[in-house]
Amino acid sequence: MTENNVTTSNNEIPSVMRAAQQINYGNVRDVLKLDDNVSVPRELTSKQVLVRVYAASINPADCKLLYGDVSFAIRYSFPHIPGGDVAGVVVDVGSAVERVRIGDHVYGNLGTNGGGYAEYARAEESMLAIKPTNLTMEEAASIPLACETSYEALFQRCSSPVGKGTKLFICGGGSATGLFAIQLAKAVGAFVALTCSQRNLFLIEKLGYEIIRNKSEWINMDNQILVID
């Protein structure tokens, strides 16, 4: 969908939309169906927001939910619209919404309730943030879950939160969560060592870091990353 700066009034929001609906647990090709006649989730609580979705991303967690790998803990009534990470434009807000307004470009994680693989998605205001102007909708939609996972691991789940001087080892530095963990750790002054496949080393170099292979080469801690083969 093409990004634009046009705000949408309530009477311009359609009653139906196109959405990918999950009809059961199983292989994606078998259980995910495209439907052009799905009701737009117009009813909002006081703190909910309706977003016109411009981009959505696919995470491993989305696939696990589709396959039913976590159905022992999270069960859906079918048909169900999956998809957690989205970026789009706010088209309607609840009566108590304060941080975003109609017309704002936002991105966020809808959580396990999903709803992102559709033209319109309903979200709690607390799950959304204003999209930085230097990110495209597609780039913004790729961030929430992977970055949140890394942030939580580094600063909320560690017995001692990562900070200046922390020595951190990241297994799988070329993964989505790994790439965010590198940047978050470096931002607070941590020393980072990691594993990474040869084909993904360019991703780390694109972040602007110098790759070294031996601890003896560690001179500029701020800009260097030790890759362990």
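Residues numbered from 1 in each chain as written. Predicted model: local features only at pLDDT ≥ 70, side-chain atom pairs only at ≥ 80, totals over all residues. Heavy atoms only, no water.

### Considering the sheet that holds strand β6 (residues 120-124)
- Taken together, the five strands give an open sheet; going across it, the order is β6-β3-β4-β5-β7, and neighbouring strands pair in antiparallel fashion. Strands with a single pairing partner mark the edges of an open sheet, and in this sheet they are β6 and β7 (128-130). Strand-to-strand twist of the sheet, defined as the mean angle between neighbouring strand axes without regard to direction, takes the value 45°.
- With seven bridges joining them, strand β3 (residues 48-56) and strand β4 (residues 85-93) adopt antiparallel strand pairing. Each bridged residue has a counterpart across the sheet, and for A55 the counterpart in β4 is A87. (Pairing = 2+ DSSP bridges. Helix = DSSP H or I, 4+ residues; strand = E, 2+ residues; numbered from the N terminus. Axes fitted to C-alpha atoms, helices over the stretch in contact; angles between N-to-C directions.)

### Remarks on the nonpolar core
- Judged by nonpolar contacts, the single largest core of 18 residues is most densely connected at I170, I182, A185, L194, I204 and I225.
- Counting residues per element, the ones that place at least two in this core are β8 (167-170), α5 (176-187), β9 (191-194), α6 (201-206) and β11 (224-227).
- The element that contributes the greatest number of residues to this core is α5, accounting for four residues.
- When neighbours within four sequence positions are excluded, I225 is seen to be in contact with I182, K186, V192, L194, I204, Y209, E210, I211 and I212. (Core = buried A, V, L, I, M, F, W, Y, C linked by side-chain atoms within 4.5 Å. Buried < 20%, exposed > 50% of the residue type's maximum accessible area, 1.4 Å probe, protein only. Contact = heavy atoms within 4.5 Å.)

### A look at the sheet that holds strand β10 (residues 210-212)
- In space, the four strands of this open sheet follow the order β8-β9-β11-β10, with parallel pairing throughout. Each having just a single partner strand, β8 and β10 make up the two edges of the open sheet. Here the strands of the sheet are splayed against their neighbours by 30° on average, with no regard to which way each runs.
- Of the pairings in the sheet, the one linking β9 to β11 comprises two bridges and is parallel in character. Across the sheet, A193 pairs through a bridge with L226, a residue of β11.

### As for helix α2 (residues 60-67)
- Looking only at α2, the buried set comprises D62, L65 and L66. One side of α2 carries all its buried residues, which in axial view fall inside an arc of 100°.
- Contact partners of the buried residues in α2: β1 (16-22), α1 (28-31) and β2 (32-39).
- Just past α2, the residue G68 takes up positive phi, approximately 85°. (Arc of directions from axis to C-beta.)

### Concerning the environment of Y67
- Residue placement: Y67 occurs in helix α2.
- For the pair Y67 and D35, spaced 32 residues apart in the sequence, the C-alpha separation amounts to 20 Å.

### A closer look at helix α4 (residues 144-157)
- Considered for burial, the residues of α4 that qualify are P144, A146, S150 and L154.
- Residues of α4 that are buried make contact with β4, β5 (105-109), α3 (137-141), β8 and α5.

### Focus: the state of the cysteines
- If you walk through the whole model with that rule in mind, you get zero disulfides.
- Of all cysteine sulfurs, the one in C171 lies closest to C196, which takes part in no disulfide; the gap is 11 Å.
- Residue classification places C196 among the buried residues on the basis of a relative accessible area of 16%. (Disulfide = S-S within 2.5 Å.)

### Looking at the pattern of salt bridges
- Under the definition given, this model contains three salt bridges.
- For D36, the salt bridge identified is with R18, shortest N-O distance 2.5 Å. Here the residue D36 occupies a position in strand β2, and R18 occupies one in strand β1, the gap between them amounting to 18 residues.
- Residue D36 is classed as partly exposed on the basis of its relative accessible area, which comes to 47%. (Salt bridge = Lys/Arg side-chain N within 4 Å of Asp/Glu carboxyl O.)

### Focus: the UniProt feature "domain: Enoyl reductase (ER)" (unreviewed entry) in the protein
- Per the UniProt entry, the sites bearing "domain: Enoyl reductase (ER)" (unreviewed entry) are residues 27-228 in this numbering.
- Secondary structure content for residues 27-228 is 24% helix and 27% strand, and the end C-alpha separation is 36 Å. (UniProt positions renumbered as here; feature names shortened; annotations may be inferred.)

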